[in-house]
Amino acid sequence: MGMTMTNKTKTWLGNAAIAAVLALGAASAPVLAQDYAAAKASGQIGEKVDGYVGVVGAGSADLRRIVDDTNIKRKAVYAEKAQSQHVTIEEYAFATGCTLIAKTAPGEKYQAPNGTWQTRTAAAPQRDSRCP
Amino acid sequence: MEAHGQGAGWSGWRTQVALAVLAAGSMTLAGCISVNAPEKPIVIELNINIKQEVIYRLAADAADTIEENPDIF
């Protein structure tokens, strides 16, 4: 009887430990490409004029994590490309932003030149006058 | 009399200066009115120094960058 109880307790503790490890792993898990794609498609994050993504509305910790992670990776790419093109990171990012906003699909969010979030429709998006 | 005449000359000059100052003042006022803030909110000024020709030159390269990195764009 005593043995059975001990085994049960051990099993319970083991399960709890596994659950805790899983929860910890989930909290610090890398941002997956599908998380980013899903957030973008659902309009929870949107393309900004400056070439980075932003959280639309109040957002959540998960969305902010996706946005920060994406923007850090984008900035690294922008920095490398800007150097090869002999322009500033801001210029390269802005030029990419022009194309990214143009390429948004209907339902996705983008930032208009006045700073407001817009939902892309079948019509052309509102873009900065300097965009090609 | 001569001194008085000179004095009159001075006051004439002073009058001209005073008028000039007034004219300048009213011009400044008019200027103030003409540079009032527009009713529309000012758009993002962050990228004010980014020139259109630079954006045009980068367009093709930016499109390649987007295609090369589908996980972040």
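The structure displayed is predicted, hence computed values, not measured ones.

I would appreciate a short explanation of the overall build of chain A in the present structure.
For chain A, the helix and strand inventory stands at 4 helices and 4 strands. What you see in chain A, going N to C, is helices and strands ordered as α-α-β-β-α-α-β-β. In chain A, which comprises 132 residues, the proportion classed as buried is 28%. Long-range pairs, those at least 24 residues apart, make up 45% of the contacts in chain A between residues at least 6 apart in sequence.

Which parts of the structure should I look at to understand the overall build of chain B?
Counting secondary structure elements, chain B contains 2 helices and 0 strands. Here chain B holds 73 residues, and 8% of them are scored as buried.

What is the right way to read the sheet that holds strand S3 (residues 109-111) of chain A from this model?
Residue and element names in this part refer to chain A. With respect to topology, 4 strands assemble into an open sheet ordered S2-S1-S3-S4, the strand pairing being mixed. If you trace the sheet from one side to the other, it starts and ends with strand S2 (53-55) and strand S4 (117-119), each paired once. With strand direction ignored, the average angle separating the axes of adjacent strands in the sheet is 40 degrees. Across 3 bridges, the pairing between strand S1 (residues 45-47) and S2 is antiparallel.

Can you walk me through helix H2 (residues 33-41) of chain A in this structure?
An α-helix turns once per 3.6 residues; consequently, residues spaced three or four apart project the same way. All names here are of chain A. Restricting attention to buried positions, one finds in H2 the residues Tyr36, Ala39 and Lys40. Along the axis of H2, the buried residues cluster in a sector spanning 100 degrees; they form a single face. Summarising the geometry of H2, the exposed residues directed more than 90 degrees from the buried face are Gln34 and Ala41. Looking at the buried side of H2, the elements it contacts are S1 and helix H3 (61-85). Positive backbone phi, at 80 degrees, marks glycine 43, one or two positions downstream of H2.

How do you make sense of the packing of H3(A) against helix H4 (residues 89-102) of chain A when you look at a structure like this?
Angle between the axes and distance between the axes: these two values describe a pair of packed helices. Residue and element names in this part refer to chain A. Between H3 and H4, the shortest axis-to-axis distance is 8 Å and the interhelical angle comes to 110 degrees. Viewed along their axes, H3 and H4 adopt a mutual orientation that is roughly perpendicular. Handedness of the H3/H4 crossing: right-handed. Between H3, through Lys75, Tyr78, Ala79, Lys81, Ala82 and Gln85, and H4, the contact on the second element is made entirely by Ile89, Glu91, Tyr92, Ala93 and Thr96. Here the contact of H3 with H4 is composed, by residue class, of 6 nonpolar, 2 polar and 3 charged.

What is the right way to read H3(A) from this model?
The end-to-end C-alpha distance of H3(A) is 35 Å, a good match for the 36 Å that 25 residues give at a rise of 1.5 Å each. A:Ile66, A:Val67, A:Thr70, A:Arg74, A:Tyr78, A:Lys81 and A:Ala82 are the residues of H3(A) that are buried. Elements in contact with the buried residues of H3(A): H2, S1, S2 and H4 of chain A together with helix H2 (52-68) of chain B. Backbone geometry just downstream of H3(A) places A:His86 in the positive-phi region, at approximately 60 degrees.

Help me out: how do you make sense of the nonpolar core in this one?
Nonpolar side chains in soluble globular proteins generally cluster together in the buried interior. The biggest cluster of nonpolar side chains holds 23 residues, and the ones touching the most others in it are A:Ile45, A:Tyr92, A:Ala95 and B:Leu58. Listing elements by their share of this core, those giving two or more residues are H2, H3 and H4 of chain A together with H2 of chain B.

About the cut-offs
- Numbering of residues starts from 1 in each chain and follows the order in which that chain's sequence is written.
- Written order determines the labels here, with chains lettered from A and ligands numbered from 1.
- In view of the model being predicted, local features appear only for residues whose pLDDT reaches at least 70, and side-chain atom pairs are presented and counted only at 80 or more, with totals across whole chains, interfaces and linings using the full set of residues.
- Going along the chain from the N terminus, every DSSP run of H or I of four or more residues is numbered as a helix, and every run of E of two or more is numbered as a strand.
- Exposed residues have 12 or fewer other C-beta atoms within 10 Å of their own C-beta, buried residues have 20 or more, and residues in between are partly exposed; the C-beta atoms are placed from the backbone.
- Residues are treated as contacting if the C-beta atoms built from their backbones sit within 7 Å of each other.
- The pairing criterion is simple: DSSP has to find at least two bridges between the two strands.
- Orientation is described by axes fitted as lines to C-alpha atoms, over the contacting stretch for helices, and by angles from 0 to 180 degrees between their N-to-C directions.
- Our arc is simply the arc of the directions from the helix axis toward the C-beta atoms.
- Oblique is the label for any angle not under 35 degrees, not over 145, and not in the 65 to 115 range, which are roughly parallel, roughly antiparallel and roughly perpendicular in turn.
- It is the rotation of the near helix from the far one that decides the hand of a crossing: anticlockwise by less than a right angle makes it left-handed, clockwise makes it right-handed.
- Polarity classes work like this: nonpolar for Ala, Val, Leu, Ile, Met, Phe, Trp, Tyr, Cys and Pro, charged for Asp, Glu, Lys and Arg, and polar for all others, with Gly in that last group.
- A helix is expected to span 1.5 Å for every residue after the first.
- Take the buried Ala, Val, Leu, Ile, Met, Phe, Trp, Tyr and Cys residues, join any whose C-beta atoms are within 7 Å, and the set you get is a nonpolar core.

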